[in-house]
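The primary structure of each chain is shown beneath.
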Amino acid sequence: MSGHTPSATDALAGSLHRIFGFRSFGPNQEAIVRALLAGRDCFAVMPTGGGKSLCYQLPAILLPGTALVVSPLISLMKDQVDGARANGIRASFLNSSLDPADQGGVQRELLSGILDLVYIAPERFALDHFREILRRSRISMVVIDEAHCISEWGHDFRPDYLMLSSIVDLLPGIPVAAFTATATQRVQEDIVDKLGLRHPFVLRASFDRPNLSYEVRFKESGDAQLVSILKQFAGQAGIIYRTSRKSVNDTALKLQKRGFRALPYHAGLSDGERQKNQDAFIHDETDIIVATVAFGMGIDKSNVRFVIHADLPKSIESYYQETGRAGRDGESARCIMLFSNADIPKVRFFIDSMLDEQERHRALAALSKVVSFASAMVCRRRMLLEHFDETYPRDNCASCDVCQGLHEVFDCTVEAQMLLSAIVRTDSRFGAAYLVDILLGSKNQKINDFGHDRLKVYGIGKGHDKKFWRRLIDDLVARKAIGRSEGLYPTLYLLDGGARILKGEERVEMQRIREKKAAAPASKSGGIESLSLEGKRLFEQLRLLRKKLADEQGVPPDVVFSDRTLAELSDIQPTTPEEMLAVSGIGEVKLARYGGEFLQLIARYKAQWL
Ligand code: ADP
Ligand code: ZN
């Protein structure tokens, strides 16, 4: 002990450590906490995983009275309350999922002032009776989560939220804090205005998610590619996004057959089945969710280690949101998009069938941005952030496929000429599959019948496989060197660009992946990736113990400990309660509740290795 009088900073840091077990504040957290403690209104935009809950939970404990946290995500409230209680915070929730007796119970708790915080659904503020209870309770502050829901300009407007515009009058002198993960400047102004915030402390954090890595790969047909990617993530939680319900079902089924723990999720399943599959994911009972974009809203699983887009996302915003569900715990996580030019016509077809002209234009513009995101060889992170009007300050992010130099360009003009020549020599009457068969010298009857086995191009493409040729065709179509006819059996024909290539006036280049494995993004402090083999084994055992304890208490595993905490435990391997307290995410209450069992397991594990 150094013996000096602790400053205010030390006191706050002390509470942070004692309650949450964190060694330091994350970016921006301290500024918000201090503003709230000083009684100021706040407005904060922070990305998913930015640690918003701590920003209001810590002041909620330190300030006298009860903090109200308004959230539209009723399905999340129980987990949020469990999470808060696991750290010893006195929390409850109040929404329509409780029966009347329980609602009465929570209202009595509120009146008696024994709660640190209570999560509340917005519609409750319409009830006179409830407003009366608030007037008679001691409220420390009001937190509006998902605050963009109050703005008609936002993407998720909820009329219920408009009730909150009277909150400042209802509870005069009580600070109000609005949080959201998405708000343009316009939405921000609208929120501040509608809520009537008084000279708020405003914070706009960077949208960058440094622990996520981004990667776009050329999408191959068939399932082999997906399977080989998934093998790298054995036993880890992840989401695979697909466009249609049918493809969701197909992929889930195929993965199950190959022994993966995978479940489907889309709007076509019954409510019961959707809920069941979602719960299995949250409780670590399935590794993989194959889903349409219907999945994700209101899911707060912290240890999602990968998100794969097996089809093109609808827009850059949705891509950011969907990939944003990975790595909320701050541990590294990977976002992989499988992209092929061949997917574009499918999406185009869908967009062309839209009736509303404006909507069609918007969808087309969004598609073209996604395509340039996927095709341009520009840092993916930079492009994502630019979309949100943010400039990424570094030249090389070191954790996207472009910055890692995973691609190389190679000249394939000669190959393109082989293909174009095959098209010409067969009078533009055939489709891709047949042409590739000719190039590969396939012994198929149809080729014999047409006498195409006597063509000069027959068999000259054997140096490459089918995948290569299909991709070259997609690329040549995309660059308008060849055209593809409409109809059930599309045939290929030359366009001007193709003629120039054939005459040697234009060159063709293709990207390919270097045979180097993608490095995982730098995880700031140790992390699962950097564990030794022995550490990883221990990690697996700790995971099992976490699952057991979570099941006993009926809470999701990450309410017990996050992946980050388990990784640190595996690395440090503490043997005493004091050593355990030094691990990030273990505060006094969690130490008392879980410390014993984890210490025992670690001791047993270490004994094996002596
Ligand atoms: P958000 O609601 O902004 O998406 P959360 O509040 O769920 O983010 O926090 C994301 C993760 O970061 C959680 O696992 C949380 O425990 C962790 N976390 C928050 N603040 C800190 C901190 N100061 N140090 C370490 N981990 C933190
Ligand atoms: Zn990059």
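Residues numbered from 1 in each chain as written. Chains lettered and ligands numbered in written order. Predicted model: local features only at pLDDT ≥ 70, side-chain atom pairs only at ≥ 80, totals over all residues. Heavy atoms only, no water.

**Re the overall build of the chain**
For clarity, the threshold we go by: By definition, any uninterrupted DSSP run of H or I lasting at least four residues is a helix, any uninterrupted run of E lasting at least two residues is a strand, and each is numbered from the N terminus. A radius of gyration in this sense is built from C-alpha atoms; the matching globule rule multiplies 2.2 Å by the number of residues raised to 0.38. Per-residue accessibility, obtained with a 1.4 Å probe over protein chains only, is compared with the maximum for each type, and a residue is labelled buried under 20%, exposed over 50%, and partly exposed between these values. Values of accessible area rely on a 1.4 Å probe in the Shrake-Rupley scheme; residue burial ignores everything except the protein chains shown. When charges are counted, Lys and Arg contribute as positive and Asp and Glu as negative, whereas His and the chain ends are disregarded. Every charge is mapped to an atom, namely NZ of Lys, CZ of Arg, CG of Asp or CD of Glu.
Helix and strand content of the chain: 25 helices and 17 strands. What you see for the chain is a C-alpha radius of gyration of 28 Å, in line with the 25 Å of a compact globule of 610 residues. Expressed as lengths along the three principal axes of its C-alpha atoms, the size of the chain is roughly 90 × 65 × 45 Å. A total of 610 residues make up the chain; the buried ones form 53% of that total. Total accessible area on the chain stands at roughly 28,200 Å², and carbon and sulfur atoms take up 53% of it. In the chain, 80 side chains carry a positive charge and 77 a negative one; their mean positions are 4 Å apart.

**Concerning the coordination of the zinc ion (ligand 2)**
To keep it simple, the criterion reads: Distances decide who is a donor: an N, O or S atom must be within 2.8 Å of the metal, or within 3.2 Å for Na, K and Ca. Water is not included, so sites may look incomplete.
Distances from the zinc ion (ligand 2) to its protein donors, Cys-379 (SG), Cys-397 (SG), Cys-400 (SG) and Cys-403 (SG), fall within 2.3 to 2.4 Å. Within one chain, the residues donating to the zinc ion (ligand 2) are spaced in sequence as C-x17-C-x2-C-x2-C. Of the two residues, Cys-397 and Cys-400, neither departs from the other in class, the shared state being buried.

**Details of the site of ligand 1**
The following threshold applies: In this text, near means that some heavy atom of the residue lies within 4 Å of the molecule or strand in question. In protein, a polar contact means a hydrogen-donor-capable atom and an acceptor-capable atom, both N or O and within 3.5 Å, with residues adjacent in sequence counting only if both atoms are side-chain atoms; elsewhere, any N or O pair within 3.5 Å suffices. Classification used: nonpolar for Ala, Val, Leu, Ile, Met, Phe, Trp, Tyr, Cys and Pro, charged for Asp, Glu, Lys and Arg, polar for all others including Gly.
Neighbouring ligand 1 are 14 residues; Ser-24, Gln-29, Gly-49, Ser-53 and Arg-328 lie closest to it. The separation between a nitrogen atom of ligand 1 and a polar side-chain atom of Gln-29 is 2.9 Å. Taking Ser-53, its side chain carries an N or O atom lying 2.4 Å from an oxygen atom of ligand 1. Contact with the protein chains hides 78% of the accessible area of ligand 1, taken as 570 Å² for the molecule alone. Looking at the shell around ligand 1, its residues break down into 3 nonpolar, 8 polar and 3 charged.

**Considerations on helix α5 (residues 100-112)**
Our working definition: Every helix has an expected span of 1.5 Å times one less than the residues it contains. Directions pointing from the helix axis toward each C-beta atom define the arc. Note on definitions: a residue-residue contact is assigned when non-hydrogen atoms from the two residues lie within 4.5 Å.
Relative to the 18 Å expected for 13 residues at 1.5 Å per residue, α5 spans 18 Å between its end C-alpha atoms, a close match to the ideal helical length. Of the residues making up α5, those classed as buried are Gln-103, Gly-104, Val-106, Gln-107 and Leu-110. The buried residues of α5 occupy an angular sector of 165° when the element is viewed end-on, so they sit on one face. Exposed residues on α5 whose side chains face more than 90 degrees from its buried face are Ala-101 and Arg-108. In the core, the buried residues of α5 are packed alongside β2 (66-70), β3 (91-94), β4 (117-120), α6 (128-136) and β5 (139-144).

**Remarks on helix α17 (residues 432-439)**
Burial within α17 is extensive, with 7 of its 8 residues counted as buried. Regarding α17, the residues found buried are Ala-432, Tyr-434, Leu-435, Val-436, Asp-437, Ile-438 and Leu-439. Among the structural elements, α16 (413-425), α18 (445-450), α19 (466-478) and β16 (492-494) are those in contact with the buried residues of α17. Of the residues flanking the end of α17, it is Gly-441, one or two places downstream, whose phi is positive at about 70°.

**Thoughts on the packing of aromatic side chains**
Basically, it comes down to this: Only Phe, Tyr and Trp rings are paired, with Trp represented by its six-membered ring, and only when their centres lie within 6.5 Å; those with planes under 30 degrees apart are stacked, over 60 edge-to-face, the remainder tilted. We count a charge as sitting over a ring when the NZ of a lysine or the CZ of an arginine lies within 6 Å of the ring centre and within 35 degrees of the ring normal.
This structure, assessed with the given rule, holds 18 aromatic pairs. Members of the aromatic cluster, each reached through a chain of ring pairs, are Tyr-56, Tyr-119 and Phe-179. Above the face of the Phe-373 ring, Arg-380 is positioned so that its terminal group lies 5.9 Å from the ring centre. A cation sits over an aromatic face here: Arg-471 above Phe-218, 4.2 Å from the ring centre.

**Some points on the domain arrangement of the chain**
Convention followed: Annotation comment: domain bounds sourced from an automatic or database domain assignment.
Per the domain assignment, the segments making up the chain are domain 1 (6-204), domain 2 (212-400), domain 3 (410-513) and domain 4 (528-609). Placing the centre of domain 3 and that of domain 4 at their C-alpha centroids yields a distance of 57 Å.

**A closer look at the nonpolar core**
Operational definition: Nonpolar cores are built from buried Ala, Val, Leu, Ile, Met, Phe, Trp, Tyr and Cys residues. Side-chain atoms within 4.5 Å join them into one set.
Formed by 112 residues in total, the largest nonpolar core has its most connected members in Leu-68 and Val-142. Those residues in contact with Val-142 that lie beyond four places of it in its chain are Leu-68, Val-70, Ile-167, Leu-171, Ile-174, Pro-175, Val-176 and Ala-177. Counting residues in each nonpolar core, the second largest holds 29 residues, with Met-418, Leu-419, Leu-420 and Val-508 among its members.

**Notes on the sheet that holds strand β13 (residues 333-339)**
Quick note on the threshold: Strand pairing is defined by DSSP finding a minimum of two bridges between the two strands. In this description, a line fitted to the C-alpha atoms serves as the axis of each element, helices being fitted only across the stretch in contact, and the angle between N-to-C directions of two axes falls anywhere from 0 to 180 degrees.
Spatial strand order, β8-β13-β12-β9-β11-β10: 6 strands in an open sheet with parallel pairing. Each having just a single partner strand, β8 (212-218) and β10 (262-265) make up the two edges of the open sheet. Looking at each pair of strands side by side, their axes are set apart by 20° on average, direction ignored.

**Topic: the side chain of Gln-225**
Counting through the fold element by element, Gln-225 comes out in helix α9 (residues 224-231). Overall, the relative accessible area of 7% leaves Gln-225 in the buried class. Non-local contacts of Gln-225, meaning those with residues more than four positions away in its chain, are made with Arg-217, Phe-218, Lys-219, Glu-220 and Leu-338.

**Re the packing of α5 against α6**
What describes two packed helices is the angle between their axes and the distance between those same axes. For the record, the criterion: Any angle from 65 to 115 degrees is called roughly perpendicular, while one under 35 is roughly parallel, one over 145 is roughly antiparallel, and all others are oblique. The handedness criterion is simple: a crossing whose near helix is rotated anticlockwise from the far helix by less than a right angle is left-handed, and one whose near helix is rotated clockwise is right-handed.
For the pair α5 and α6, interaxial distance at closest approach is 8 Å and the crossing angle is 30°. In terms of orientation, α5 and α6 fall into the roughly parallel class. Taken as a pair, α5 and α6 cross one another with a handedness that is left-handed. Residues Gln-107, Leu-110 and Leu-111 of α5 lie in contact with α6, whose contacting residues are His-129, Phe-130, Ile-133, Leu-134 and Arg-136. Residues belonging to the contact of α5 with α6 are distributed by class as follows: 5 nonpolar, 2 polar and 1 charged.

**Some points on unusual backbone geometry**
Phi angles above zero are rare outside glycine, and Asp-284 is one such case at about 60°. In this fold, Asp-284 is placed in the loop between α11 (271-282) and β11 (288-291). Residue class for Asp-284 comes out buried when judged on its relative accessible area of 17%.

**Re the pattern of salt bridges**
For clarity, the threshold we go by: Here, a salt bridge means any side-chain nitrogen of Lys or Arg that lies within 4 Å of a carboxyl oxygen of Asp or Glu.
Under the counting rule described, the total for this entry stands at 38 salt bridges. The partner of Lys-194 in a salt bridge is Glu-152, with the nearest N and O atoms 3.1 Å apart. Of this pair, Lys-194 sits in helix α8 (residues 185-195) while Glu-152 sits in the loop between β5 and α7 (167-170), and the two are 42 residues apart along the sequence. Judged by relative accessible area, which is 24%, Lys-194 ranks as partly exposed. Here Glu-506 ties to Arg-500 by a salt bridge, and the two come within 2.7 Å at their closest N and O atoms.

**Digging into the pairing of β5**
Across the 6 residues of β5, 6 count as buried, placing the element largely inside the fold. Direction of pairing for β2 relative to β5: parallel, over a ladder of 5 bridges. Within β5, the position partnered with Leu-68 by the bridge is Val-142. Two elements, β5 and strand β6 (residues 176-180), share 3 bridges in a ladder whose sense is parallel.

**Brief notes about the packing of helix α13 (residues 344-352) against helix α14 (residues 357-375)**
Interhelical geometry of α13 versus α14 gives an angle of 165° and a closest axis separation of 10 Å. It follows from the interaxial angle that α13 and α14 lie roughly antiparallel. Crossing of α13 over α14 shows right-handed handedness. Across the interface between the two elements, Ile-344, Val-347, Arg-348, Ile-351 and Asp-352 of α13 pack against Arg-360, Ala-363, Leu-364, Leu-367 and Val-371 of α14. Residues of the contact of α13 with α14, tallied by class, amount to 7 nonpolar, no polar and 3 charged.

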